[in-house]
Amino acid sequence: MSKEELTTLLLDCALVDNVRMLGYGKPEAPEPMLAAATQYGIDVEAVRQAYTPEMPGAAHADADAEVTA
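In this report, we go over the structure that sits alongside the text. Nothing here was measured: the structure is a model prediction, and the numbers come from that model.

### Comments concerning the overall build of the protein chain
In terms of helices and strands, the protein chain carries four helices and zero strands. Taken from the N to the C terminus, the helices and strands of the protein chain come in the order α-α-α-α. Residues counted as buried form 6% of the 69 residues belonging to the protein chain. On the protein chain, roughly 6,400 Å² of surface is accessible, and the fraction owed to carbon and sulfur atoms is 60%.

If you want it as structure tokens, here you go:
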């Protein structure tokens, strides 16, 4: 394993906890991941604006909420 691959693996291991998605509650900002992005010169706001996530089943969840409300 090269030095660059090992560095990437270690960074992935350190940040993996920040990629989980809770199904309920208010999402929290992944502070360690944002700090790493800033350290590596990534424009977080540009990434947020360029990426619009679509979750499978999101439309169904909204419809179910309206029916049960």
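Resuming the write-up.
### Some words on the pattern of salt bridges
If you walk through the whole model with that rule in mind, you get one salt bridge. Between glutamate 45 and arginine 48 there is a salt bridge, and its shortest N-O distance comes to 2.9 Å. One end of the pair, glutamate 45, and the other, arginine 48, are both in helix α3 (residues 44-50), three residues apart, so they sit about a helical turn from each other. Judged by relative accessible area, glutamate 45 falls into the partly exposed class, the value being 42%.

### Focus on the environment of proline 30
Mapping proline 30 onto the fold places it in the loop between α1 (3-15) and α2 (31-39). Look at proline 30 and you get partly exposed, because its relative accessible area is 23%. C-alpha of proline 30 to C-alpha of leucine 15: the two residues are 15 residues apart in sequence and 8.9 Å apart in space.

### Some thoughts on the environment of arginine 48
Given a relative accessible area of 45%, arginine 48 falls into the partly exposed group. Of note is the side chain of arginine 48, whose polar atom sits 2.9 Å from the side chain of glutamate 45.

Rules and cut-offs
- Residues numbered from 1 in each chain as written.
- Predicted model: local features only at pLDDT ≥ 70, side-chain atom pairs only at ≥ 80, totals over all residues.
- Heavy atoms only, no water.
- Helix = DSSP H or I, 4+ residues; strand = E, 2+ residues; numbered from the N terminus.
- Buried < 20%, exposed > 50% of the residue type's maximum accessible area, 1.4 Å probe, protein only.
- Areas by Shrake-Rupley, 256 points an atom, 1.4 Å probe, with all protein chains shown as cover.
- Salt bridge = Lys/Arg side-chain N within 4 Å of Asp/Glu carboxyl O.
- Polar contact = N/O pair within 3.5 Å; in protein donor to acceptor, adjacent residues only side chain to side chain.

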